Amino acid sequence: MKAMMLSDLVTSKNSTLQLLGVAAFVGVFIAVFTEQLVTAVGCIAAMVPFMYLFSAAAYDEQNGWERFRLTLPLTRRQVAYGRYASMAIVTVASLLMAVAAGVVVGLVAEALPADVASGHLRLSEWGVPTLLLVGTFAQTVILLAAALSMPVIMRYGMTKGSRLIPVVLVLAFSFGAAFFGTGIEQMFPAMAFQWGEQALYLVDIVVGVIAVVLYCASAVVAARLYECREF
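Novice: Which residues make up the packing of helix 3 (residues 37-63) against helix 5 (residues 76-111), and what are the values?
Specialist: Packing of helix 3 against helix 5 leaves a shortest axis separation of 8 Å and a crossing angle of 150°. As far as their axial angle goes, helix 5 and helix 3 are roughly antiparallel. At the point where helix 3 passes helix 5, the crossing takes the right-handed sense. Of the residues assigned to the contact of helix 3 with helix 5, the class counts are 17 nonpolar, five polar and two charged.

Novice: I'd like a description of the nonpolar core, backed by residues and values.
Specialist: Membership of the largest hydrophobic core comes to 45 residues, with the highest contact counts inside it found for Leu53, Met87, Met150 and Tyr215. Residues contacting Tyr215, with those up to four places away along its chain left out, are Tyr84, Met87, Ala88, Leu143, Ala146, Ala147 and Met150.

Novice: Summarise helix 3; cite the residues concerned and give the values.
Specialist: With 27 residues, helix 3 should cover 39 Å at 1.5 Å per step; its first-to-last C-alpha distance of 39 Å lies within 8% of that length. Immediately beyond the C-terminal end of helix 3, within one or two residues, lies Gly64, with a positive phi of roughly 70°.

Novice: Pulling in residues and values, what's your account of helix 1 (residues 2-11)?
Specialist: A turn of α-helix holds 3.6 residues, and therefore any two residues three or four places apart point the same way. What helix 1 keeps buried is the set Met4, Met5 and Asp8. Viewed along the axis of helix 1, the buried residues span an arc of 100°, placing them on a single side of the element. Away from its buried face, by an angle of more than 90 degrees, helix 1 presents the exposed residues Lys2 and Val10. The secondary structure elements touched by the buried residues of helix 1 are helix 3, helix 4 (65-69) and helix 5.

Novice: Describe a nonpolar patch on the surface, with residues and values.
Specialist: Together, Phe25, Val28, Phe29, Val32 and Phe33 make up an exposed nonpolar region whose accessible area comes to about 550 Å². Along the chain, Phe25 falls in helix 2 (residues 13-34).

Novice: Could you give me a rundown of the packing of helix 1 against helix 5, with the residues and numbers involved?
Specialist: Where helix 1 contacts helix 5, the two axes come as close as 7 Å, and the packing angle between them is 50°. Classified by the angle between their axes, helix 1 and helix 5 sit oblique to one another. Of the two elements, helix 1 crosses helix 5, and the hand of that crossing is right-handed. Counted together, Met4, Met5, Asp8 and Leu9 of helix 1 and Gln78, Val79, Gly82, Arg83, Ala85, Ser86, Ile89 and Val90 of helix 5 form the full contact between these two elements. Residue composition of the contact of helix 1 with helix 5, grouped by class: seven nonpolar, three polar and two charged.

Novice: Kindly report on the environment of Ser7, identifying the contributing residues and their values.
Specialist: Tracing the chain through its elements places Ser7 in helix 1. Ser7 gets classed as partly exposed once you look at its relative accessible area, which sits at 21%. Each C-alpha atom, one on Ser7 and one on Val79, is 9.9 Å from the other, the two residues being 72 residues apart in sequence.

Novice: Describe the pattern of salt bridges, and please don't skip the residues or the numbers.
Specialist: Going through the model one piece at a time under the given rule, you end up with two salt bridges. When the shortest N-O distance is used, the salt bridge between Glu227 and Arg77 registers 3.2 Å. Here Glu227, found in helix 8 (residues 197-227), pairs with Arg77, found in helix 5; they are 150 residues apart in sequence, far enough to count as distant. Residue classification places Glu227 among the partly exposed positions, given a relative accessible area of 38%. The shortest N-O distance in the salt bridge between Arg122 and Glu110 comes to 3.9 Å. Of the two residues, Arg122 is situated in the loop between helix 5 and helix 6 (123-126) and Glu110 in helix 5; the sequence distance between them amounts to 12 residues. Glu110 sits in the partly exposed class, given a relative accessible area of 29%.

Novice: Let's hear about the environment of Phe50: which residues, and what values?
Specialist: With respect to the secondary-structure elements, Phe50 resides in helix 3. What makes Phe50 partly exposed here is its relative accessible area of 35%. Along the backbone, Phe50 and Val90 are 40 residues apart, and their C-alpha atoms lie at a distance of 9.8 Å.

What counts and what doesn't
Residues numbered from 1 in each chain as written. Predicted model: local features only at pLDDT ≥ 70, side-chain atom pairs only at ≥ 80, totals over all residues. Heavy atoms only, no water. Axes fitted to C-alpha atoms, helices over the stretch in contact; angles between N-to-C directions. Helix = DSSP H or I, 4+ residues; strand = E, 2+ residues; numbered from the N terminus. Parallel < 35°, antiparallel > 145°, perpendicular 65-115°, else oblique. Left-handed = near helix turned anticlockwise from the far one by under 90°. Nonpolar A, V, L, I, M, F, W, Y, C, P; charged D, E, K, R; others polar. Core = buried A, V, L, I, M, F, W, Y, C linked by side-chain atoms within 4.5 Å. Buried < 20%, exposed > 50% of the residue type's maximum accessible area, 1.4 Å probe, protein only. Contact = heavy atoms within 4.5 Å. Expected span 1.5 Å × (residues − 1). Arc of directions from axis to C-beta. Patch = residues over 30% accessible without salt bridge, like charges linked within 9 Å, V, L, I, M, F, W, Y side chains within 5 Å. Areas by Shrake-Rupley, 256 points an atom, 1.4 Å probe, with all protein chains shown as cover. Salt bridge = Lys/Arg side-chain N within 4 Å of Asp/Glu carboxyl O.

In structure tokens:
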């Protein structure tokens, strides 16, 4: 698994660095023109891992890495787990970069006059914990999307899987909203009223743990599907 993870990170190093640069530029652009610091942080935190998810799979097919790996002393299970591990590393790195970019933009806004930079751009308006909260929420959605998409990609490849992924995501989130939407809408205001801001952090932790558990379960499913795949 370690070899596959390092292979992913090395082969996609240039494209990942480009994704980080593009995400930072887009995030700063959004922050300036929407005058909302948290919007930029959420955008960067979600944009990089989401783009990496599909670019890594497309890179495999484009350069024939999938068949080449079959000749290496790697089991298919290790290949699947390595892809999930590299995705997790990129996700954590993008969260740190998103918060760092938010801090920099917020500090720059603090030094500017009030008529130039609005209060929603200033770091003192939000604080670092809030930036982490927003970035984590954004990445929770991406982890859930990855947990649903990656087994399809590992089983059918990027080209064939791209036809099924939108259907899987739409159905999953639609059923989730239908079965849990009403309960969540009633639960969140009650928690926020009783516990205040602490409720948001609690919800973030609970949802984050659920996303991680589903991501790990998805890795097990993807590994089994990849072992059955024919090239």
